[in-house]
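Here is what each chain is made of, one letter per residue.
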Amino acid sequence: MSTDGIRDFHETLHSLRVWDTELPAFDATAAPAEPLPLFREWFVHAARAGQTEPHTMGLATADAEGRPDVRILMLHDADERGWHFASHSTSTKGRQLADRPDAALLFYWPTVGRQVRIRGQVSAAGPEESRADLAVRTRGALAAALTGRQSEVLGSTEELERASAAAWERAGAEPDAPAPTWTRYVLRAAEAEFFQGAATRRHIRLRYRRTPAGTWTRELLWP
């Protein structure tokens, strides 16, 4: 990068500010006994406040050597079983989860200065539920699943264009076309932290931890 490019980067970086706006209050003492109701409440609030794509989240996994990996994907549901997402079992994340099912999720909603961090074990749903997950999505999502080969080395963009075009046509002609490696995953939370940012930097952090009996304890954390 040129000298001007480096200067522009640093000037831009150091000019940025965080949360120069009015943010919602969070009374941690009034939070529910379990994290799921609070997550749903915060999710709806973020969406209605204008947060773009509040259903996108970071998924952190580790490979066989314990090296961390992270990527952005979409939330498909959040219920009593856990937080749901989907991918190919043959993808990098799918292989990592098969070897090491411990994972973490991160939701960040800057519009309202909130983030939610969730840690737990991931399990794969059965083929019927995984197929149903794909059936309710768009033709484009089905075409992407049918294209497959996620995380494999790609020879050229032309190769991708040909495969994607063929998958798009098949998705239109066969809306029930099977994608055998498409898998729905569920993360069962062991910990969930809710972070409410504040312009004063007196952030509120509330952590839930699941006990061996399956109940939840709550505790505040220093920001």
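What comes next concerns the included structure. Numbering of residues starts from 1 in every chain and runs along the sequence as written. Only residues with pLDDT of at least 70 get local features here, since the model is predicted, and only at 80 or more are side-chain atom pairs given and counted; chain-wide, interface and lining totals rely on the full set of residues. Heavy atoms from the whole structure form the basis of all side-chain values; hydrogens and water molecules are not counted.

Description of the overall build of the protein chain
Broken down by element type, the protein chain carries six helices and nine strands. Taken along the three principal axes of its C-alpha coordinates, the protein chain extends 60 × 55 × 40 Å. Throughout this description, buried means an accessible area under 20% of the type-specific maximum (1.4 Å probe, protein chains only), exposed means over 50%, and partly exposed covers the range between. Residue burial in the protein chain is summarised as follows: out of 223 residues, 36% are buried. By sequence separation, contacts in the protein chain at least 24 residues apart represent 64% of the contacts at least 6 residues apart. For the protein chain, the accessible area works out to roughly 13,300 Å², and carbon and sulfur atoms hold 54% of it. Think of it this way: Lys and Arg go in the positive column, Asp and Glu in the negative one, and His and the chain ends go nowhere. By convention, the point assigned to a charge is CZ for Arg, NZ for Lys, CD for Glu and CG for Asp. The average position of the 28 basic charges and that of the 30 acidic charges among the side chains of the protein chain differ by 4 Å. Helix and strand labels come from DSSP, where a helix needs a run of H or I of at least four residues and a strand needs a run of E of at least two; each type is numbered from the N terminus. Contacts are residue-level and defined by heavy atoms, with any inter-residue pair within 4.5 Å sufficient. Using a 1.4 Å probe, accessible areas were evaluated by the Shrake-Rupley method; residue-level cover was limited to the displayed protein chains.

Quick look at the side chain of Gln196
Relative to the helices and strands, Gln196 is located in strand β7 (residues 182–196). A relative accessible area of 2% places Gln196 in the buried class. For Gln196, the side chain forms a polar contact with the side chain of Arg114, separated by 2.4 Å. Non-local contacts of Gln196, meaning those with residues more than four positions away in its chain, are made with Leu23, Pro24, Phe26, Trp42, Val112, Gly113, Arg114, His203 and Ile204. By the criterion applied in these results, polar contacts are pairs of N or O atoms within 3.5 Å in which, for protein atoms, one can donate a hydrogen and the other can accept it, and in which residues neighboring in sequence qualify only through two side-chain atoms.

Description of the side chain of Asp133
With respect to the helices and strands, Asp133 occurs in helix α4 (residues 127–135). The class for Asp133 is buried, based on a relative accessible area of 3%. Other than its neighbours up to four places away in sequence, Asp133 contacts His76, Ala86, Trp182 and Arg184.

Remarks on the nonpolar core
The criterion is simple. A nonpolar core is a set of buried Ala, Val, Leu, Ile, Met, Phe, Trp, Tyr and Cys residues joined through side-chain atoms within 4.5 Å. Counting residues in each nonpolar core, the largest one holds 32 residues, and the members touching the most others are Phe39, Trp83, Phe107 and Ile118. Of all the secondary-structure elements, those providing two or more residues to this core are α2 (35–48), β1 (56–62), β4 (82–88), β5 (102–109), β6 (114–124), β7 and β8 (204–210). Every residue in contact with Phe39, bar those within four places of it in the chain, is listed here: Leu75, Ala78, Trp83, Phe107, Trp109, Val116 and Phe194. Membership of the second largest hydrophobic core comes to 11 residues, among which are Leu142, Ala167, Ala177 and Ala179.

Some points on α4
Within the span of α4, buried status applies to Ser130, Asp133 and Leu134. The buried side chains of α4 occupy one side of the element, clustering within an arc of 95 degrees when seen end-on. Buried residues along α4 sit against β4, α5 (139–147) and β7. For this quantity, the arc is that covered by the directions from the helix axis to the C-beta atoms.

With respect to the packing of α5 against helix α6 (residues 157–173)
Simply put, an axis is a line fit to the C-alpha atoms, just over the touching stretch for a helix, and the angle between two N-to-C directions goes from 0 to 180 degrees. Where α5 contacts α6, the axes come no closer than 8 Å and their chain directions differ by 125 degrees. Classified by the angle their axes make, α5 and α6 are oblique. Between α5 and α6 the crossing geometry is right-handed. Note on element contacts: α6 touches α5 through Ala163, Ser164, Ala167, Trp168, Glu169, Arg170, Ala171 and Gly172, opposite Arg139, Gly140, Leu142, Ala143, Leu146 and Thr147. Residues are grouped as follows: nonpolar covers Ala, Val, Leu, Ile, Met, Phe, Trp, Tyr, Cys and Pro; charged covers Asp, Glu, Lys and Arg; every other residue, Gly included, is treated as polar. When the residues that make up the contact of α5 with α6 are grouped by side-chain class, the tally is seven nonpolar, four polar and three charged. Convention used here: angles under 35 degrees read as roughly parallel, angles over 145 as roughly antiparallel, angles from 65 to 115 as roughly perpendicular, and any remaining angle as oblique. Crossing handedness: left-handed means the near helix sits turned counterclockwise from the far one by under a right angle, and right-handed means the same turn made clockwise.

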